[in-house]
Structure formats: C-alpha cells, structure tokens
Amino acid sequence: MRDPRSLFDLTGRVACVTGASSGLGRRAAVALAAAGARVIGVARREEALRALQAELGEACAIVAADVADRSRMEKLREAVSAPFGAPDILVHAAGVNTRQAADDVTPEGWDKTIGLNLSAPFFLSQALVPAMADRGWGRIVNFASLQTFRAFPGGIAYGASKAGIAQLTRAMAEAWSSSGITANAIGPGFFPTELTEAVFSDPERAARNAAQTCVHRNGTMEDIDGPLLFLCSDASGFVTGQTLMVDGGFTAK
C-alpha cells in the first residue's frame, strides 16, 4: 500500500499559479512550493511577483502578464513553460470584483469581470492542456466563490462569472479528464485578501459574516492549504468536475 502521506507530495511537479502576486493566489504558490512543486507565478504586478520569488527562491519563476489578454495567450504559454517545462498543475486565482450594482454595471466593467474571472481560466487551460494530456497527468484548479451559489449586493457581474466557473469546471472535466487531467474548483469563503479588504476593515461586518458560518469564524490563509494540495495532487485522482467550498459552512446554512 502506498504511504498516504506521499499522495500529497508534489516533488517533480510544475505548477502555474495566476494571481500569484497577492491574496489566495500568493498563498497557493507558497503552499505548492512547500509541497515540493516548482512554481511559476503569473500576475500583472512584477514588483509583487519579485517579492514572492525572493521568498521561494529557486523553486519559483515569475511571469508578468495580463492573463485576460487573449491575443498573447500563445506567448504566455511559452513563457510559463520556459523555466521548468510545461506545467502539470494550473491554478486560476486571478480575479476582479468591480462591485457595481445592477443598475450601474457598465459594459466595460462587465467585460473586464467576465474576461478575467471566466474567460481567462478557459483559454489558458486550453493552451496548457495538450502538454498535460501528452503526459497523462494534470490538475486544473479554478477559483469559485460564495457568489457561485449566493447573490450578494453589488455582485451581479462577479456572481455571474463565478457561477460560470462551476459549469466551466464540470465542462473541463468532461472534456479532459479522460486524458488524466482533473478539473475542480475551490470556493473560498471570507478570507483576508485585497478583494475583501472592505469587509475586513469593518469589524462589525466581518463579525456578521463570521456568524453566518457553521464554525463561527472567517477564513485564515492556512485554511486554503489542505484543500488546495488535495486538488493539486495524486490524492484527488478520482475527483473531477467538483466545486469544493472552503467557507466554514457559510453555504451550508
């Protein structure tokens, strides 16, 4: 019998993480590197990426790019494959929330949200899947949200994009899992990131959100590590097309 602990060992794997300059994307890059993977961090902010690279050392390479720019997808594929070879693991953590009320949504805000949150994960995956299929092993992890299942004020574009992530994940599984590539999504609850700064800067609001969970607290960065490593490793080889809510039971109530 295989040592169960080895199921989570990512030694020899290459992971590409978008949105790696901050928040849960940065945490994902750190956790994957700690599990043995070599990591390519992708984001627009090169200075923040360099700080990540300084922390992780030789296990990390960085690519400053806009993953929503479809015209440069082939160049992005080449760039993320150059440091360590084509990625085995692809984590889509880049995202944006314009927080426009339904009556105030602009075409520009809508397109920006859908482009980064929903279109980019598909087109970057499409570009990197052939190399995974050639090896017969791959892991795609999309980022869903509480708004995948719940409607929040000022979140119509963001919610639409994250609801789309659930179906995109199922469709990716249907398309690619026969080649050994699993596709799953993580749905974080309230974690202290740039996207939720408005929540955590208001103690009363943060407390109200915590009270809506089953565990009566908001998330900490450490809470994402285990679920992420599960979905990125051999441990989840028979799990695909699923959205795993890491929300302290917020959506269970």
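Shown above is the structure to which this text applies.
Residues numbered from 1 in each chain as written. Predicted model: local features only at pLDDT ≥ 70, side-chain atom pairs only at ≥ 80, totals over all residues. Heavy atoms only, no water.

### Comments concerning the layout of surface pockets
Here the idea is plain: a probe the size of a water molecule rolls over the atoms and shows the empty space left. Taken as a whole, the largest pocket holds about 1,100 Å³ of empty space. Secondary-structure elements contributing two or more residues to the lining of the largest pocket are helix H1 (23-34), strand S2 (38-43), helix H4 (107-135), helix H5 (156-176) and helix H7 (203-211). A per-element tally of the lining of the largest pocket places H4 first, with four residues. Broken down by class, the residue content of the lining of the largest pocket amounts to 22 nonpolar, 18 polar and nine charged. (1 Å grid on protein atoms, 1.4 Å probe; cavity = no way out; pocket = protein on both sides within 12 Å on 5 of 7 lines; lining within 4 Å. Points joined across faces, edges and corners; volume = space filled by probe spheres on them. Helix = DSSP H or I, 4+ residues; strand = E, 2+ residues; numbered from the N terminus. Nonpolar A, V, L, I, M, F, W, Y, C, P; charged D, E, K, R; others polar.)

### Side note on empty space enclosed by the protein
Enumeration over the complete set of coordinates arrives at one cavity of 30 Å³ or more. For the largest cavity, the full set of lining residues is Thr18, Val67, His92, Ala93, Ala94, Leu116, Ala120 and Pro121. In terms of residue count, H4 provides more of the lining of the largest cavity than any other element does, three residues in total. Here the lining of the largest cavity is built from residues that sort into six nonpolar, two polar and no charged.

### With respect to the environment of Arg77
Mapped onto the secondary structure, Arg77 falls in helix H3 (residues 73-81). Judged by its relative accessible area of 26%, Arg77 is partly exposed. Placed 80 residues apart in sequence, Arg77 and Ala157 show a C-alpha to C-alpha distance of 28 Å. Looking at Arg77, its side chain comes within polar contact range of the side chain of Glu74, at 2.5 Å. (Buried < 20%, exposed > 50% of the residue type's maximum accessible area, 1.4 Å probe, protein only. Polar contact = N/O pair within 3.5 Å; in protein donor to acceptor, adjacent residues only side chain to side chain.)

### Some words on the nonpolar core
Of all hydrophobic cores here, the largest spans 34 residues; its most connected members are Val17, Leu32, Val91 and Leu228. Of all the secondary-structure elements, those providing two or more residues to this core are strand S1 (14-18), H1, S2, helix H2 (46-56), strand S4 (89-92), strand S5 (138-143) and helix H8 (225-232). Among the elements that line this core, the one with the most residues is H1, at seven residues. Beyond its immediate sequence surroundings of up to four residues, Leu228 is in contact with Ala28, Ala31, Leu32, Val91, Val141 and Ile186. Core analysis: the second largest hydrophobic core is formed by 28 residues, Val14, Leu116, Leu124 and Ala127 among them. (Core = buried A, V, L, I, M, F, W, Y, C linked by side-chain atoms within 4.5 Å. Contact = heavy atoms within 4.5 Å.)

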